[in-house]
Amino acid sequence: MWTSLALTLALTATPTPADDLTWSTCPGDKVGMECADLKVPVDWSKPAGRTITLKLGRLKSTGRAEGSALIAYGGPGGPGIALTQQTAATWANLRKRMHVVTWDTRGYGEQFRGLSTGLPCVWTRIPIAAYPRDDAEFGRLHDTNRGYAEPCRSKDPELFANMSSADHARDMEAIRKALGESRLNYYGASYAGFYGQDYARLFPDKVRTIALDGTWNHSAADWPAELDAMARTNETSAARYFTWKGAGSAREWRVLVAAANRRPIPAKKAPGVAYNGTDLQDFVLGMVRGGPDGFPAVSAAIKGAVAGDASGFVPERGLRYPDQSTGVTECTDWPRFADRASMEAGLRRLRKVAPNIGAAGTLASGTLGCVGWPTGVTNPPKPLPKGLPPLLGSGAWGESDAVKRVVDQVPGSAVVRHEGPGHTLYMFNACARDHIDRYLTDAKLPSQPDTKC
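Fair warning: this is a prediction, and the values are worked out from it, not measured in the lab.

Cut-offs applied
- Residues numbered from 1 in each chain as written.
- Predicted model: local features only at pLDDT ≥ 70, side-chain atom pairs only at ≥ 80, totals over all residues.
- Heavy atoms only, no water.
- Disulfide = S-S within 2.5 Å.
- Helix = DSSP H or I, 4+ residues; strand = E, 2+ residues; numbered from the N terminus.
- Buried < 20%, exposed > 50% of the residue type's maximum accessible area, 1.4 Å probe, protein only.
- Pairing = 2+ DSSP bridges.
- Contact = heavy atoms within 4.5 Å.
- Axes fitted to C-alpha atoms, helices over the stretch in contact; angles between N-to-C directions.

> When you look at the state of the cysteines in this model, what are you seeing that I'm missing?
Simply put, disulfide is the name for a covalent bond between the sulfur atoms of two cysteines. A full pass over the atoms with the stated rule returns four disulfides. Between the sulfur atoms of Cys-121 and its disulfide mate Cys-152 the distance is 2.0 Å. Of the two residues, Cys-121 sits in the loop between α4 (109-112) and β6 (125-127) while Cys-152 sits in helix α5 (residues 135-153), which places them 31 residues apart along the sequence. Each disulfide pairs two cysteine sulfurs, and for Cys-331 the partner residue is Cys-370, the sulfurs being separated by 2.0 Å. Since a negative S-S torsion denotes a left-handed disulfide, the Cys-331-Cys-370 link at about -85° is left-handed. With Cys-331 in helix α13 (residues 330-333) and Cys-370 in the loop between α15 (363-366) and β12 (392-395), this residue pair connects regions lying 39 residues apart in the sequence. Here the two residues Cys-331 and Cys-370 agree in accessibility, since each one is buried. Of note for the protein chain: the bonded cysteines, numbered N- to C-terminal, pair according to 1-2, 3-4, 5-6, 7-8.

This is the structure we're talking about:
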């Protein structure tokens, strides 16, 4: 059924009509990109209220344009215009038949030098919070996170409160209308995949194609089960290393983690720095995700920590601890622990699912930075609606499994997977890029619902 529908969509796709946007050369352009401004409500629940400006960028089709493909790079906050200018050559095949359109997302102007209206503040990366050991520590975490947020929130409370992926999705609908497109063609990489999932929920009848590359599942009906799935994926990454290292290595690792949680291990090359077991799990997960080429470094770092020196885990750049961005968008999108009791219950479950890695690398850990955040979870995960046209997911190790849980909700959808390390495929994998381009232009999916590249 879906194959014939995809063919019908391809045959009936109409050229992009003239739009009402005023296009001119982008600031500092060197690749032929033109830009335009689009006014949108800062709060989409108040369409007649205050507006902000979205800066759009367009690489026009080099052939007869059959429509536009809207693209975004995630982050959140990745500057679409600058990134598309830097990667213009990668879009050459798609441009033979489509305009490539992007935008700088709301709120991230000053932070990432985007050209859209931004929050008048710069936030930074912060250490991943330690799990509170009692209610008093949970309260202090609440206050610490609020302290990170307030200096930024107080400068523009309205925009700060309207930064979710659903707000970005509503901006996408405004862009579609401004371009004069009857339906949306969208490619979303990494965090921008959540914008695409939210768009599909909010505007299902306006979807032609949505390609989700290297993203995760913001469409889960059962959030604890999705956290479990994240943990299993991370445990699989760790298992590749322990299989390579050999018998007894996983047991030695768990002994090290338990010892470090009792007494953090100092990093002698970084005076004053010591890592607990949770820190070590975060570091090792990041290292093993890179695949076998990095396994000797993992082994050396673990050996040093067993001997009492965790220097092998000290990052070459950035903070000395596992860290994450301050979650202005993230804290509106993902459920967080309401109290220490719910946190402890969740951690026990995840540690059972993933005995070597625990909650590291899951949103149970990532959202600790959202405890006490002044903006609530306004855009929690929800299942996709019925009646969507087939979607295309893609990704490397782990990511392909997560995006499969998204697109499997839509009959006829497909996944392109790379059985190796990496994050997103379009820029680095010609095979995946060809499948994505064919999908965006012809609405044609790979012949196999699970295709390897």
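> Looking at this structure, I do not really get unusual backbone geometry. What am I missing?
Outside of glycine, negative phi angles account for most residues, and trans bonds account for most peptide bonds. Gly-75 connects to Pro-76 through a cis peptide bond whose omega is -10°. Within the secondary structure layout, Pro-76 lies in the loop between β4 (68-72) and α2 (80-86). For Arg-113, which is not a glycine, the phi torsion comes out positive at approximately 60°. If you trace the backbone, Arg-113 turns up in the loop between α4 and β6. The phi dihedral of Ala-443 falls on the positive side, at around 55°, and the residue is not glycine. When you line up the elements, Ala-443 lands in the loop between α17 (430-442) and β14 (450-452).

> Sorry if this is basic, but what is going on with the sheet that holds strand β1 (residues 24-25) here?
Think of a sheet as strands paired side by side through backbone hydrogen bonds, with each pair either parallel or antiparallel. Within the open sheet, the ten strands sit side by side as β1-β2-β3-β5-β4-β7-β8-β12-β13-β14. Their pairing is mixed. Single-partner strands in this sheet number two, and they are β1 and β14. Sheet topology note: the strand β13 (residues 414-417)/β14 ladder contains three bridges and is parallel. By the bridge assignment for β14, Arg-417 is matched with Lys-452. Relative to strand β2 (residues 34-41), helix α7 (residues 165-179) is tilted by about 120°, and along the sheet it contacts β2, β3 (51-59), β4, β5 (99-103) and β7 (184-189).

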